[in-house]
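# Structural overview for review
So you can see what is in the structure, the chains are spelled out below.
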Amino acid sequence: MAALMLAGAGIMTAAGTAQAAEVSYKTECLPPPISGLPPIQGTTKVAVSAPGTAKVGEEIEVIWKTIEGASKNPDILDLGENTVQPTGTIKVAGAQTGDLAMQGPRENPPIPKGGAMKLSDMKGKLKLTKPGEVTLTPGFYNINVNRPISTDTKCSPKETVQPGVTIKVTDGGGGSGGTTGGSTTGGTTTGTTGGTTGGSAGTASGGGTDGGTTSGSSGGTASGGTGGSGGDPDGTAYKGKEVNVPYACKTPIGDKKATSPVQINAVKKGGSYDLTVKFRKSVMDSPADIPKDSVKPSMDVKVGGADKGSVKVEGPTNAEPIKSGQPIEIPDLKGTYKPGATGKATLTPGVLTVNALGTTTTCTPEKDPGVSLALDTSAQQGGTSGGATGGDSGGAAASGGSAAGPASVSGGSSGGLAETGAGDHGALTALGLVAGTVILLGGAVFTFLPRRRARVR
């Protein structure tokens, strides 16, 4: 405990001496549905570390150290080194209120079947906005295991939790800001949830808390666009960051590599968000005539951070024929994200699927492209958390991934498909590959026609 206090003091030189307090609370953990395991009742022990004193306007670091999880690793399989990543939520109360998103790195020793879960320390940053006493109380947390498949165990308090830390905030003349800041810790979490693996304590999902505002950018390898708060009015628009997605595409005419700039935007609608995914540029001309209403794209947007799962977004079929030599563009892909957890959720581009004339091209991210958009969400009944729509988003862990998509911030502009090949004019796109397949299929189907005519002559 002393070491933890000293470490916190080293970080918080501007805000005063760090303090750490241990809190225990009864917890119910929900293992991944695929495990078939019942809910687990246990006790979570957490040490929360933060400065004892600070001034308005300062941004302080908060540390969540899990001393004991509410359950052990089930007797199903051993968990490998660096396969477990925790996320959680600390409730901010007193002079200011809100929810502080916490996240730890994917760092752990090997954990045998039946062994105690070893979780990394979670961190988050809090912007202090009002003088007075501010309390920090641990609550929901989630444990993601990314091998052999991505799974989540979610735990929620089953009793009133006592505050772990009380900060005395004085009026230092600092500027105001959002009540809580987003987690600044390491990489994003893996994509879609699903099968079992290690179901010990975990949480971050579920249960609503008071919808205090949170602000700040998401953590992870590439921080996404700014998100809002659960209290933002309907119609609030959030613009995501454009990220380059390195796709590996499975096409009817072979495997191809593709890189495409993608942006996820959102508009708040009730407790949900209308999503719009934009592909920014066209990288090639169509190699053949493509009939209208014959090409339909879709994507599974990864939801990460406090929430887990995926959101399916779809685009319309091509409204007009695409002539040979014309640019091939992909329309905006749209869908609705209904949060299943309270906290900072991240949205990351996932698997792209293009259906055309009975053929399917599937493009999976080879690695985490980084978060495009982070949103401060409030859990909704029947929300995304703990489930996935559509296929696994593949690729490296993202927390962000977020195996999570957004709705129209700007009109119906469209961008190009994933660039494939070496460059510029010589490059193909995922949809262009489908068009090439159409040529091949057309040739195979209609080769008999000229011959028949030749016989007639």
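What this report covers is the structure whose coordinates are included nearby. (Residues numbered from 1 in each chain as written. Predicted model: local features only at pLDDT ≥ 70, side-chain atom pairs only at ≥ 80, totals over all residues. Heavy atoms only, no water.)

As a further point, take the state of the cysteines. Linking two cysteines covalently through their sulfur atoms gives a disulfide. Evaluated as defined, the whole model comprises two disulfides. Here Cys29 is linked by a disulfide to Cys155, with a sulfur-sulfur distance of 1.9 Å. Taking the sign of the S-S torsion, 115° for the link of Cys29 and Cys155, the bridge is right-handed. Separated by 126 residues along the polypeptide, Cys29 in strand β1 (residues 18-30) and Cys155 in strand β9 (residues 151-157) bring together distant segments of the chain. A relative accessible area of 0% places Cys29 in the buried class. With its sulfur 2.1 Å from that of its partner, Cys249 forms a disulfide with Cys363. Between Cys249 and Cys363, the S-S torsion sits near 110°, and that sign places the bridge as right-handed. Here the residue Cys249 occupies a position in strand β12 (residues 243-251), and Cys363 occupies one in strand β21 (residues 359-365), the gap between them amounting to 114 residues. The pair formed by Cys249 and Cys363 is uniform in burial state, with each residue classed as buried. (Disulfide = S-S within 2.5 Å. Helix = DSSP H or I, 4+ residues; strand = E, 2+ residues; numbered from the N terminus. Buried < 20%, exposed > 50% of the residue type's maximum accessible area, 1.4 Å probe, protein only.)

Looking now at the environment of Lys130. Inspection of the secondary structure assignment puts Lys130 in the loop between β7 (122-127) and β8 (132-145). Each C-alpha atom of the pair Lys130 and Gly94 lies 9.6 Å from the other, and the pair is 36 residues apart in sequence. Excluding its chain neighbours within four sequence positions, the residues that come into contact with Lys130 are Val56, Ala95, Gln96 and Val169. (Contact = heavy atoms within 4.5 Å.)

Right, let's get into the pairing of strand β13 (residues 254-269). In the case of a regular strand, side chains alternate between the two sheet surfaces. The pairing of strand β11 (residues 237-238) with β13 spans two bridges and is antiparallel. Residue pairing for β13: Tyr238 is matched across the bridge by Ala266. Relative to β13, β12 runs antiparallel, the two being bridged by nine bridges. When the sheet's bridge partners are listed, Asn244 is paired in β13 with Pro261. Looking at chain direction, β13 and strand β14 (residues 272-279) are connected through eight bridges and run antiparallel. Paired with Ile264 across the strands is Val277, a residue of β14. Hairpin remark: β13 followed by β14, antiparallel, with two residues in the connecting loop; positive phi at Gly270, about 65°. (Pairing = 2+ DSSP bridges.)

The next thing to look at is the nonpolar core. Of all hydrophobic cores here, the largest spans 34 residues; its most connected members are Val62 and Leu136. When contributions to this core are tallied by element, the ones reaching two or more residues are β1, β2 (40-51), β4 (59-68), β5 (84-94), β6 (98-103), β7, β8 and β10 (165-170). In terms of residue count, the dominant contributor to this core is β8 (five residues). Counting residues in hydrophobic clusters, the runner-up holds 32 residues, among them Ala258, Ile330, Ala345 and Leu347. (Core = buried A, V, L, I, M, F, W, Y, C linked by side-chain atoms within 4.5 Å.)

Where burial is concerned, most of β8 is hidden: 12 out of the 14 residues are buried. As defined by bridge partners, β5 adjoins β8 across 10 bridges and the pair is classed as antiparallel. Looking across to β8, one finds that Lys91 is bridged to Thr137. When β8 meets β9, the two strands line up antiparallel, connected through five bridges. Note that in β9 the partner of Asn142 across the bridge is Lys154.

Before going further, it helps to spend a moment on unusual backbone geometry. The phi dihedral of Asn82 is positive, around 55°, even though this residue is not glycine. With respect to the helices and strands, Asn82 occurs in the loop between β4 and β5. Accessibility expressed as a relative area gives 36% for Asn82, which makes it partly exposed. Residue Asp293 is not a glycine yet carries a positive backbone phi of 55°.

Any functional reading would require information that these geometric values do not contain.
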